[in-house]
Amino acid sequence: MRSIMAHARALHTVPPASNDHLAAVRVALSVAVPALALLAVGRADLIIYAVFGALTGMYGRAESHQLRLKHQAQAAAALLAGVSVGTFLSVSHIHSWGLVVVEALLAGVGSLFSDKVGLKPNGPFFGILALGACASVPAHVPFLAAVLICAASAAFSMVVGFAGWLRYRVWERGAVRDIPVSSAQLRQAAGVHAARYVLAVGAAGACGVLTGSGHPHWAMAAAAVPLAGADMPSRLHRGIHRIVGTFLGLAIVAVVLFPGPLSPLQYFPGQTALILALLVIGFQFPTELFMARHYGWAMVFFTPVILLMTQLAAPSDPGVLVLERGVETLVGAVIGIAVAVLVQARRLTSLDRVASPRGGADPT
């Protein structure tokens, strides 16, 4: 009972801010400029590629400009890889089981890369989210064009993240990010952690395909969320926050997309793409504002970002969209929690403490 109450308190307890608004402004600006540029040329359907590139700005938020630049370059590589593979799958019309196999394997590779370079937010979540989302929508432009849009957006995010350096212009020779030196224990822990991702993401995707879901990649992404926690309590919290935050976010999506007096689409007929694009940009600010403080609240706003830009890329029945997102998130998060508990119990007690010294304070 005490454990249940602790999880319940964690749902509505928001830690104090620590200059989160600065990081939120950087990320919102990184999303807004390329999104508005695409909107201006009448290609709102391509905003999905720009947004995933712009998520580069979420990394290295607390580091010096010099180290943030390196950190974001590493993150950009992971995001660009996700968009590239996902777009290739879309262009090649590879769906269902092919997507599950590829995304599960790349989740393991992404986990190894994240652990090696010390990405924060840690884990392969955003990379595999980009992969699944881009694979699930029709490619309205050639493969290379989609990749270039993502790369340009990522580059702009790095410029935004580094721009503050012009004020201080301090460059420390030989400065490196604080990453634990590789050892046999760390490599073993990283290998088992990667296996967790492969198992959880693969199992969630298989469930999605077997149940006939049109978006199994949502279950796969949700399954990866709990595994990024540094210890068992944080993994449980992340899984619960993912479920609750997503369901609250779906309520916002329903208000926007379902016909009704609260939907802004009702008051601007013929301007659906413009309204959805502006909402994607607007919701990105509170997403980053809460990302490091309360994962659940961040998901309340990030859920509309993902669903609305998906709707821009490939319009579908809003009812089906909301229902499948809710079901897939619940299934995926439960599978992710189950894998975290089972693998922890069988294989990792001491190794987790060795593998995650840099992740304990980072809830993202």
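Going by the structure above, here's the rest.
What this report covers is the structure whose coordinates are included nearby.

The rules we used
Residue indices begin from 1 for each chain and proceed along its sequence in written order. Note on the predicted model: pLDDT of at least 70 is required for a residue's local features to be given, and 80 or more for side-chain atom pairs to be given and counted; whole-chain, interface and lining totals, by contrast, use all residues. The basis for the side-chain values is all heavy atoms of the structure; hydrogens and waters are excluded. To qualify as a helix, a DSSP run of H or I must reach at least 4 residues; to qualify as a strand, a run of E must reach at least 2; elements of each kind are numbered from the N terminus. Burial classification: accessible surface area is computed with a 1.4 Å probe over protein chains only, and a residue below 20% of its type maximum counts as buried, one above 50% as exposed, and the rest as partly exposed. Residues count as neighbours in contact if any of their non-hydrogen atoms are within 4.5 Å of one another. Residue-level accessible areas treat just the shown protein chains as cover; the underlying method is Shrake-Rupley with a 1.4 Å probe. The rule for a disulfide is simple: a pair of cysteine sulfur atoms within 2.5 Å. Each reported salt bridge corresponds to a side-chain nitrogen of Lys or Arg within 4 Å of a carboxyl oxygen of Asp or Glu. Each residue after the first adds 1.5 Å to the expected span of a helix. Identification of polar contacts relies on pairs of N or O atoms within 3.5 Å, with a donor-acceptor requirement for protein atoms, meaning one able to donate a hydrogen and the other able to accept it, and with residues adjacent in sequence counted only if both atoms are side-chain atoms.

Right, let's get into the overall build of the protein chain. Within the protein chain, the secondary structure is distributed over 15 helices and 0 strands. Evaluated residue by residue, the protein chain yields a buried proportion of 54% over its 364 residues. Expressed as a percentage of contacts within the protein chain between residues at least 6 apart in sequence, the contacts between residues at least 24 apart total 81%. About 15,500 Å² of surface is accessible on the protein chain, with carbon and sulfur atoms providing 70% of the total.

Under the defined criterion, the tally for this structure stands at 0 disulfides. Counting only cysteine sulfurs, Cys150 is the nearest neighbor of Cys134, a cysteine outside any disulfide, at a range of 7.3 Å.

Turning our attention to the pattern of salt bridges. Where charged atoms from two side chains of opposite charge approach closely, those side chains can pair. Overall, the coordinates contain 5 salt bridges when judged by the stated rule. Between Asp20 and Arg61 there is a salt bridge, and its shortest N-O distance comes to 2.6 Å. Within this pair, whereas Asp20 is found in helix α2 (residues 20–40), its partner Arg61 is found in the loop between α3 (47–54) and α4 (65–91), the two being separated by 41 residues in sequence. The residue Asp45 makes a salt bridge to Arg43 at a minimum N-O spacing of 3.0 Å. By relative accessible area, Asp45 is classed as buried at 17%. Arg43 gets classed as partly exposed once you look at its relative accessible area, which sits at 27%.

Between the first and last C-alpha of helix α7 (residues 143–162) there are 29 Å, a value that for 20 residues agrees with the 28 Å anticipated at 1.5 Å per step. Every buried residue of α7 is accounted for by Ala146, Val147, Ile149, Cys150, Ser153, Ala154, Ser157, Met158, Val160, Gly161 and Phe162. Those residues of α7 that are buried are in contact with α2, α3, α4 and α8 (165–168).

The next thing to look at is the side chain of Ser84. With respect to the secondary-structure elements, Ser84 resides in helix α4. Take Ser84: its relative accessible area is 18%, and that puts it in the buried class. A polar contact is formed between the side chain of Ser84 and the backbone oxygen of Leu80, at a distance of 2.7 Å. With residues near it in sequence (within four places) discarded, Ser84 still touches Phe143 and Val147.

Here we take up unusual backbone geometry. Here the amide bond leading from Lys120 into Pro121 is cis, since omega sits at 5°, within 30 degrees of zero. Turning to its location among the elements, Pro121 is positioned in the loop between α5 (97–117) and α6 (125–136). Its identity is not glycine, yet His93 carries a phi of approximately 60°, on the positive side. By secondary structure assignment, the location of His93 is in the loop between α4 and α5. Look at His93 and you get exposed, because its relative accessible area is 64%. Within the chain, Ser96 stands out as a residue other than glycine whose phi angle is a positive 50°.

Honestly, it's all geometry; don't read function into it.
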